[in-house]
Amino acid sequence: MAKRNTPRGRSRKRRRSTTPPGASSAGERGATLPQAEADVAADVAAGTGTRTEPRRREQARVRAGRPGGMTDALSVGERPNAPWHPFPLSELLILVGIIGAVIAWSRGVQHGGTALLIASIACVMIGTIEVTLREHLSGFRSHAILLSVLPPLAMHSAVVLTTQAETTVPRWLNVALLPLDGALFWFLYRLLRSRFQDARRERTFAGRR
């Protein structure tokens, strides 16, 4: 009986009876409150706290919707339909151009295959440009490099073929056209890149609403 009436024994009984279950976890959570308050106060004092939280969230959403790097090649949303949808005009042009190019290649130049080859290449280019330009301008997928290469290539070929029809093409002509090709490519790339960024941002925000 003497051992039971010791203060040590009474403290054990009180500890078992007065401490509710889960009090230790609540105490731990309460202990973290001063630290959290101190962190919030430090953020507010530094100018990056809860006062600027809406602005930071808005900037994060803008950065998430801004294309760049490998994300440009990823499609966002649904592919835009052509004005003549559901008739697959561009796809048929590409298919007919490929078949015509194969036939022209098998015939050869001497049997009238040159004209058919040029027409087939034109069909493939028209169908490809229509699809890529539609996807690019709508923000679905970026084709800035492809669309920027085609005009300088066409200009270079037109100048060379025109010169070849009159006289022999000098070697320095191709070298002289390279700076013009590069300048035109860079101008078109920056223009198409900016247009795609605006379209991708609009498409991303419209999908979140």
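Parameters at a glance
- Residues numbered from 1 in each chain as written.
- Predicted model: local features only at pLDDT ≥ 70, side-chain atom pairs only at ≥ 80, totals over all residues.
- Heavy atoms only, no water.
- Salt bridge = Lys/Arg side-chain N within 4 Å of Asp/Glu carboxyl O.
- Helix = DSSP H or I, 4+ residues; strand = E, 2+ residues; numbered from the N terminus.
- Buried < 20%, exposed > 50% of the residue type's maximum accessible area, 1.4 Å probe, protein only.
- Patch = residues over 30% accessible without salt bridge, like charges linked within 9 Å, V, L, I, M, F, W, Y side chains within 5 Å.
- Areas by Shrake-Rupley, 256 points an atom, 1.4 Å probe, with all protein chains shown as cover.
- Phe/Tyr/Trp six-rings, centres within 6.5 Å; stacked < 30°, edge-to-face > 60°.

## Concerning the pattern of salt bridges
Right, on to step 1. If you walk through the whole model with that rule in mind, you get three salt bridges.
Right, on to step 2. Between Glu 135 and Arg 79 there is a salt bridge; the shortest N-O distance is 2.7 Å. With a gap of 56 residues between them, Glu 135 in helix α5 (residues 113–137) and Arg 79 in the loop between α3 (53–65) and α4 (89–107) connect regions that are remote in the sequence.
Right, on to step 3. Overall, the relative accessible area of 4% leaves Glu 135 in the buried class.

## So, a nonpolar patch on the surface
Right, on to step 1. Together, Trp 84, Phe 87, Leu 89, Leu 92, Leu 95, Ile 99 and Ile 103 line one region of the surface with nonpolar side chains, adding up to about 600 Å² of accessible area.
Right, on to step 2. Considering the arrangement of structural elements, one finds Leu 95 in helix α4.
Right, on to step 3. The class for Leu 95 is partly exposed, based on a relative accessible area of 47%.

## Considerations on the packing of aromatic side chains
Right, on to step 1. This structure, assessed with the given rule, holds two aromatic pairs.
Right, on to step 2. Measuring from ring centre to ring centre gives 6.1 Å for Phe 185 and Tyr 189, while their planes differ by 20°; the resulting arrangement is stacked. Placement of the pair is Phe 185 and Tyr 189 together in helix α7 (residues 171–208), with a separation of four residues, close to one helical turn.
Right, on to step 3. For Phe 185, a relative accessible area of 26% corresponds to the partly exposed category.
Right, on to step 4. Judged by centre distance (6.1 Å) and plane angle (25°), the rings of Trp 186 and Tyr 189 are stacked.

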